[in-house]
Amino acid sequence: MAFREYKIGARMFGIALGSSMVITLYMPSLDISSVGSTEMGLRKGLQYGRVSGFSLEDPFLQGWGKPVTVILRKDPNTGAEIEPIYSYVYEAGVPFTSAVRHPRIMGEGVKDLSLDKGMIGQASESDGAVFIVSKGDYNGKKFSYIENATVTKGWTTDGVMNAAASTKDIKRIGAGKIIFVREGCWWCHTLLPEQTQDWQAFGSPPRLGDFNSESPTALGSDRKAPDLLHVGSRNSSREWMTMHFFNPRLVQPHSIMPRFNYLWGDVDVDGNKIDLDNWQTEYAAYTSGERVYPPDVPIPAPDSEAYWLIDFVLNLK
Ligand code: HEC
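Residues numbered from 1 in each chain as written. Predicted model: local features only at pLDDT ≥ 70, side-chain atom pairs only at ≥ 80, totals over all residues.

Within the protein chain one finds 12 helices and 5 strands. Once the C-alpha set of the protein chain is aligned to its principal axes, its extents read approximately 75 × 65 × 40 Å. Expressed as a percentage of its 317 residues, the buried residues of the protein chain come to 32%. Long-range contacts, defined as pairs at least 24 residues apart, comprise 72% of the intrachain contacts of the protein chain with a sequence gap of at least 6. (Helix = DSSP H or I, 4+ residues; strand = E, 2+ residues; numbered from the N terminus. Buried ≥ 20, exposed ≤ 12 C-beta atoms within 10 Å, placed from the backbone. Contact = placed C-beta atoms within 7 Å.)

Turning our attention to the site of the ligand. Contacts to the ligand come from 22 residues, most closely from C185, C188, A225, Q252 and S255. Of the residues in the shell around the ligand, the class split is 15 nonpolar, 5 polar and 2 charged. (Near = placed C-beta within 6 Å. Nonpolar A, V, L, I, M, F, W, Y, C, P; charged D, E, K, R; others polar.)

A few words on the nonpolar core. Judged by nonpolar contacts, the single largest core of 29 residues is most densely connected at V89, V130, F131, I146 and V160. Sorting elements by how many residues they give to this core places strand 3 (residues 129-138) first, with 4 residues. Excluding anything up to four places from it in sequence, F131 contacts L46, Y88, I146, E147, N148 and A149. Formed by 21 residues, the second largest nonpolar core is a distinct cluster that contains F246, A306, L309 and F312. (Core = buried A, V, L, I, M, F, W, Y, C linked by C-beta atoms within 7 Å.)

Turning to helix 10 (residues 238-246), its buried residues are M241, H244, F245 and F246. Each element contacted by the buried residues of helix 10 is listed here: helix 12 (305-314).

Our next topic: the sheet that holds strand 5 (residues 170-171). Read across the sheet, 5 strands follow the order 4-3-2-1-5 without closing on themselves; strand pairing throughout is antiparallel. The sheet terminates laterally at strand 4 (141-148) and strand 5, the two strands that pair on one side only. When strand 1 (residues 68-74) meets strand 5, the two strands line up antiparallel, connected through 2 bridges. Across the sheet, residue V70 finds its bridge partner in strand 5, namely I170. (Pairing = 2+ DSSP bridges.)

A cis amide bond, omega -5 degrees, links S215 with the succeeding residue P216. Assignment of secondary structure puts P216 in the loop between helix 8 (198-202) and helix 9 (231-234). A positive phi angle, close to 50 degrees, is found at L61, a residue other than glycine. With respect to the element layout, L61 can be found in the loop between helix 2 (39-48) and strand 1. What makes L61 partly exposed here is the crowd of 15 C-beta atoms within 10 Å.

Before going further, it helps to spend a moment on the packing of helix 7 (residues 173-182) against helix 12. Helix 12 packs onto helix 7 with a crossing angle of 100 degrees between their chain directions and a minimal axis gap of 7 Å. Taken together, the axes of helix 7 and helix 12 lie roughly perpendicular to each other. Here I173, A175, G176, K177, I179 and F180 of helix 7 lie close against helix 12, whose contacting residues are E305, W308, L309, D311 and F312. Across the contact of helix 7 with helix 12, the residue classes break down as 7 nonpolar, 1 polar and 3 charged. (Axes fitted to C-alpha atoms, helices over the stretch in contact; angles between N-to-C directions. Parallel < 35°, antiparallel > 145°, perpendicular 65-115°, else oblique.)

Let's shift gears to the environment of G140. Tracing the backbone through its elements, the reader meets G140 in the loop between strand 3 and strand 4. On a C-alpha basis, the gap between G140 and K224 in space is 45 Å, while along the polypeptide they are 84 residues apart.

Most of helix 7 sits inside the fold, with 8 of its 10 residues counted as buried. Regarding helix 7, the residues found buried are I173, G174, A175, G176, K177, I178, I179 and F180. Elements in contact with the buried residues of helix 7: helix 2, strand 1, strand 5 and helix 12. At the C-terminal side of helix 7, G184 shows a positive phi close to 70 degrees.

In terms of domains, the protein chain is made up of domain 1 (1-34), domain 2 (39-174) and domain 3 (179-314). On a C-alpha basis, the centroid separation for the pair domain 1 and domain 3 is 43 Å. (Domains from an automatic or database assignment.)

Among the secondary structure elements, A129 is positioned in strand 3. On a C-alpha basis, the gap between A129 and V89 in space is 6.3 Å, while along the polypeptide they are 40 residues apart. Setting aside chain neighbours within four positions, we find A129 in contact with Y90, A123, S124, N148 and T150.

Examined bridge by bridge, strand 1 and strand 2 (residues 81-90) share 6 bridges and lie antiparallel to one another. Bridge pairing in strand 2 places K74 opposite E81. By the bridge criterion, 3 bridges tie strand 2 to strand 3 in an arrangement that is antiparallel. Paired with Y90 across the two strands is A129, which belongs to strand 3.

Moving on, we get to the packing of helix 10 against helix 12. The contact between helix 10 and helix 12 brings their axes to 10 Å, and the two run at 125 degrees. With respect to helix 12, the axis of helix 10 lies oblique. Crossing of helix 10 against helix 12: the hand is right-handed. Of the residues in helix 12, those touching helix 10 at R238, M241, T242 and F245 are A306, L309, I310, V313 and L314. Taken together, the residues of the contact of helix 10 with helix 12 sort by class into 7 nonpolar, 1 polar and 1 charged. (Left-handed = near helix turned anticlockwise from the far one by under 90°.)

Written out as structure tokens, the structure reads:
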């Protein structure tokens, strides 16, 4: 190779390396707090808790150390009826979401309101706390912010859990997201409708401020199945989800989605033992035409991974 060609090659390589370095080193230094967190971003962070992926608190991705989302229909202190609101219960020891730990990532306005009016600086991980999302004014602009209801309203974690009208109002969305990450749903599904005709089928793309406190995001990569960012808006049926996760072929005869029946655990909601082998035998009899109906799908117990996963999926609205 002539020396001249070598020199051109070396320069081209230099340019390529230089620009990739700019992207690698400069991009992460963009200040995320310049993007104010949206209400969606605050709620996501609060319901998922701290790092909801490969974290020290939950090394085996079991859904440990996660907050619980409780829909409140009455005031936990007085018992008086209130407009239903979403509250995020962090039992003692459950790590707070990053927005509460590092308020600056919420951006100006949201951060200030959360600290001044929301008193999140007074929340203590070792005592536990209950958070809600409120709205307020900062410099003449409206923002959603995080309120530490344990200080502002005197709501305790036990008080809020007991005030839930039924188990249906207690949602383990944070634990469910772990199952979504662990089970690799993102190999096939995205949580990222694109700026194309995707809108019509899957709803609007997320905004930048929707992610300020979420880690990891599960945007997915290569889409082999429907986008799920707003799946709870088009299909809110717990029954359908239950059947589909147990065996997708029950509702979509040619589905390529795997069965997730092992997430049910040992017993169903009534404490009856789940016998997957027997179920499979009866299902085989159904697919070969010996039975008219498929066997019943067990209803998952509220402390099963299947239940948490369904909580997470139905909450994607
Ligand atoms: C091998 C690819 C694959 C994997 C892995 C997978 N899915 Fe699916 N999923 C599909 C396909 C394909 C569909 C379309 C409907 C069908 O065929 O069942 C679907 C449909 C769905 C739907 C209904 C979507 C709608 O638009 O109504 C939900 C919800 C869903 N999957 C959730 C999950 C979750 C949660 C996981 C992980 C526990 C998962 N999927 C793993 C392929 C997959």
